[in-house]
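Examining the three-dimensional arrangement
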Amino acid sequence: MADAPSRRGRADRPDRGGGWAGREFEVTVGPVAHGGHCVARHEGRVVFVRHALPGERVTVRVTEDRQPGFCRADAVEVLDAAPDRVERPCPHSGPGRCGGCDWQHVAPAGQRRLKAAVVREQLTRLGGLPGEDPLVRDLAVEELPGGPLRWRTRTRFAVDRAGVAGLRRHRSHDLVPLDDCPITVEPAARAVLDRRWPGAGAVDVAVDSAGSVTTTRLDRRGRPQSTRVVGADGPAPAGRAARSAAGRDWEVEGTGFWQVHPAAADALAAAVAGFAAVAPGETVLDLYAGAGLFGGALAPAAGPAGRVVCVEADEAACAAAAANFAALPQAEVWQGQVDAEGLTGLLAELGTGPDVVVLDPPRAGAGAAVSRVLAAAGPRAVVYVACDPASLARDVAAFAEGGYRLAGLRGFDAFPMTAHVECVALLARP
């Protein structure tokens, strides 16, 4: 039985649009849009269609209609299929089912083309970049090794009132019970889905580079209740997990933030290092530093005469970063929020402007205020790691006000089967 939500989900609210909820009709699908859907039109209204592909002719069922100008729908029948359409590898995926994946019905190479198209559209529409800019026009999202399944090493599963774990339907609090999640590495999926979790609201699970599985029970308000770690030899004390990237080992809190794709940290660290091109003696400012992956990877290039300052708000992540920097005396950790006021004070304390700034903000982005403070500091290079192309585009526009232009761009398919894409951008003054 699905968990009865304590408050209405988006899809459960009354429709206030054109009265189309539940209606079925035929459309020809237009371009892909940010968010895992494509755009179609019907009777003068925009229809955001999931489970479709550009160019297809499909029958859609309206799932949500609360705005006069648009509605949301699922493609429930494919009349003319696109060449990239494939059978879904997950039986829980599809209209009205689990909302965890967006592109199960798309061949992997087609998924990457769709993601590149979304990044291009966001950078031109929100970032103000010309479509003929070669960095934008020629962007190709790069495949990571390992294939499109069994890549997710860290997942949060929801739990219903009966203690059954699963994932939510798209734009809903309704829970879909799962017996497996094919994009999650098997040890993590089995650790959660093979048992009941009475009294829990969710379970976080992560598998580290050594194969240890950490599960954290959360209550219905998202607060941690208990943590269990199982290593190769059985139960182990809860603590930090081992991760490998950039040619060395790292410590991170068991279910704390780390790139979920096992190859992503290596790929992103290499991309950041390539764009940053840190020279001996330079000062690097690493914002939203987490366990210190990027700052720690750049510190050897800065050398003993250089300085790497990593800023992170989370106390456990700061402790892990400090441990990761034990052999890097030029690297230090400052705990604090990254906002315009705090950043202004930090720059004043540094006494000299940074040569390189690396920032890996949350999905909402750094924001215009932080971007303007950084641009005013005048670093020779800003390397921006983004998990949301819309946020990246808005911040690129904010940096442009300070004279910075896009000088490098790479995209990585760190989240196969979903609409998410990871980008690394280099911003510099001409």
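Report follows, based on the coordinates.

Conventions adopted
Residues numbered from 1 in each chain as written. Predicted model: local features only at pLDDT ≥ 70, side-chain atom pairs only at ≥ 80, totals over all residues. Heavy atoms only, no water. Buried < 20%, exposed > 50% of the residue type's maximum accessible area, 1.4 Å probe, protein only. Helix = DSSP H or I, 4+ residues; strand = E, 2+ residues; numbered from the N terminus. Phe/Tyr/Trp six-rings, centres within 6.5 Å; stacked < 30°, edge-to-face > 60°. Salt bridge = Lys/Arg side-chain N within 4 Å of Asp/Glu carboxyl O. Core = buried A, V, L, I, M, F, W, Y, C linked by side-chain atoms within 4.5 Å. Contact = heavy atoms within 4.5 Å. Pairing = 2+ DSSP bridges. Axes fitted to C-alpha atoms, helices over the stretch in contact; angles between N-to-C directions.

Counting buried residues in helix H5 (residues 293-302) gives seven out of 10 residues, a clear majority hidden from the surface. Buried within H5 are the following residues: Leu293, Phe294, Gly295, Gly296, Leu298, Ala299 and Ala302.

With that out of the way, let us pick up the packing of aromatic side chains. With the rule as written, the count across this model stands at five aromatic pairs. For the ring pair Trp250 and Trp258, a centre distance of 6.4 Å and an interplane angle of 45° mean the geometry is tilted. Exposure class is identical for Trp250 and Trp258. Each is buried. Ring geometry for Phe399 against Tyr404: centres 6.0 Å apart, planes inclined by 75°, an arrangement best described as edge-to-face.

Turning to the pattern of salt bridges, a few remarks are in order. According to the stated counting rule, one finds 24 salt bridges in the structure shown. Taking the shortest distance from any N to any O, the salt bridge between Arg72 and Glu64 comes out at 3.7 Å. On the basis of relative accessibility, which here comes to 6%, the residue Glu64 falls in the buried class. The residue Asp194 makes a salt bridge to Arg190 at a minimum N-O spacing of 2.9 Å. Classification of Arg190 as partly exposed rests on a relative accessible area of 26%. Each member of the salt-bridge network shares a partner with another, and the members are Glu64, Arg66, Arg72 and Arg171.

Right, let's talk about the nonpolar core for a bit. Nonpolar side chains in soluble globular proteins tend to be buried together. Counting 66 residues, the largest nonpolar core has Phe157 and Val424 as its most contacted members. With nine residues, the top contributor of residues to this core is helix H4 (residues 264-276). Those residues in contact with Val424, other than ones at most four positions away along the chain, are Leu268, Ala271, Val272, Phe275, Val383, Tyr384, Val385, Gly408, Leu409, Arg410 and Phe412. Core analysis: the second largest hydrophobic core is formed by 39 residues, Val141, Ala366, Tyr384 and Leu427 among them.

Unusually for a residue other than glycine, Arg150 sits at a positive phi of about 55°. In this structure, Arg150 sits in the loop between strand E7 (141-143) and strand E8 (154-159). If you check the backbone angles, Tyr288 has positive phi at about 55° while not being a glycine. Locating Tyr288 in the fold gives a position in the loop between strand E17 (283-287) and H5. Take Tyr288: its relative accessible area is 17%, and that puts it in the buried class.

Attention now goes to the sheet that holds strand E19 (residues 331-335). Backbone hydrogen bonds hold the strands of a sheet together, and the pairing may be parallel or antiparallel. Spatial ordering of the open sheet is given by E7-E22-E23-E21-E20-E17-E18-E19, a layout of eight strands whose pairing is mixed. On the outer flanks of this sheet lie E7 and E19, each paired with one strand and no other. Ignoring strand direction, the axes of neighbouring strands in this sheet form an average angle of 20°. Pairing analysis gives three bridges linking E7 to strand E22 (residues 405-413), with the strands arranged parallel. Bridge pairing in E22 places Glu142 opposite Phe412. Sitting on the sheet, H5 is in contact with E17, strand E18 (307-312), E19, strand E20 (356-359) and strand E21 (381-386), with an inclination near 170° to E18.

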